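Spelled out from the first residue to the last, the chains are:
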Amino acid sequence: RVFNEHQEGLQLSYDAFDASVIFYYKEQWNLAILLSVIAMESMISYLVFNSPLKDLIMKIRKCRNEQELRKKFKNALSLVKKVSQFLSPLLKELNYNDLINELRTIMKDLNNTYNLRSMILHEGYKSCKEEAEKALNVASEFIKLAVTVFDRFNATEINSVPATV
């Protein structure tokens, strides 16, 4: 994917996802899962802090400044909580009902993938091919959803700017 100046922040998520795929094919299941989660976490961080959606998210979360936003984001300790407290309300505010439904369909797998990540990091868990495959699939779906939000919002913003003569 080629990124324009408004999408450069998405690169980290794509790079992490690409690395997760490489480790999957190298049969390093734990690394594939960990990098899948990193791809999703960097995507939601980008949407919250570095995208054109930031001001709207601050309004939704009732933050007076970026410091308050960062504190609330940090206090949402897991990826699932960040998605529930930041992405879900954003989708509702924007009336992206189709994306709300898509997000609902992947939340269980997203939660399971995040739990696997925690088990790998904190308990020395050894994952398997099927778990890594599921992690890649959920990360892919999550990234597609987040990019759709970003692209749709940008298209709306661009279309709402008055034409100049």
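Attention here is on the structure that accompanies the text.

Scoring rules and cut-offs
Residue indices follow the written sequence of each chain, beginning from 1 at its first position. Whole-chain, interface and lining totals are the exception, using all residues; otherwise, since this is a predicted model, local features are given only for residues with pLDDT of at least 70 and side-chain atom pairs are given and counted only at 80 or more. Derived side-chain values reflect all non-hydrogen atoms in the structure, with water molecules and hydrogen atoms excluded from consideration. Think of it this way: any DSSP run of H or I at least four residues long counts as a helix, any run of E at least two long counts as a strand, and we number them from the N terminus. Partly exposed describes any residue whose relative accessible area lies between the buried limit of under 20% and the exposed limit of over 50%, with all areas from a 1.4 Å probe on protein chains only and scaled to the type maximum. Whether two residues are in contact is decided by their heavy atoms, any of which lying within 4.5 Å being enough. Aromatic rings from Phe, Tyr and Trp, taking only the six-membered ring of Trp, are treated as a pair when their centres fall within 6.5 Å; an angle between ring planes under 30 degrees marks them as stacked, one over 60 as edge-to-face, and anything in between as tilted. Think of it as a cone above the ring: NZ of Lys or CZ of Arg counts as a charge over the ring if it is within 6 Å of the ring centre and within 35 degrees of the ring normal. Helix axes are fitted only over the stretch in contact, all axes being lines through C-alpha atoms; the angle between N-to-C directions runs from 0 to 180 degrees. Put simply, angles under 35 degrees are roughly parallel, angles over 145 are roughly antiparallel, angles from 65 to 115 are roughly perpendicular, and the rest are oblique. In this scheme the crossing of two helices becomes right-handed for a clockwise turn of the near helix relative to the far one and left-handed for an anticlockwise turn of less than a right angle. Residues are sorted three ways: Asp, Glu, Lys and Arg are charged, Ala, Val, Leu, Ile, Met, Phe, Trp, Tyr, Cys and Pro are nonpolar, and all the rest, Gly among them, are polar.

### Things to note about the overall build of the protein
Part 1 of the argument: When you go through the protein residue by residue, the secondary structure sums to 7 helices and 0 strands.
Part 2 of the argument: Along its sequence from the N terminus, the protein presents helices and strands in the succession α-α-α-α-α-α-α.
Part 3 of the argument: Here the protein holds 165 residues, and 47% of them are scored as buried.
Part 4 of the argument: For the protein, contacts bridging at least 24 residues in sequence account for 69% of all contacts bridging at least 6.

### Some words on the packing of aromatic side chains
Part 1 of the argument: Counting across every chain of the model gives 5 aromatic pairs.
Part 2 of the argument: Chaining the aromatic ring pairs together yields one cluster made of Y24, Y25 and W29.
Part 3 of the argument: Here R70 stacks its cationic end above the ring of F49, 4.1 Å away from the centre of that ring.

### Structural notes on the packing of helix α2 (residues 29-49) against helix α4 (residues 66-75)
Part 1 of the argument: Contact pair α2 / α4: the axes reach a minimum separation of 11 Å and the direction vectors enclose 155 degrees. It follows that α2 is roughly antiparallel to α4 by the angle criterion. You can see that α2 and α4 cross each other, and the crossing is right-handed. Touching I44, S45, V48 and F49 of α2 are E66, L69, R70 and F73, all from α4.
Part 2 of the argument: For the contact of α2 with α4, the per-class residue count stands at 5 nonpolar, 1 polar and 2 charged.

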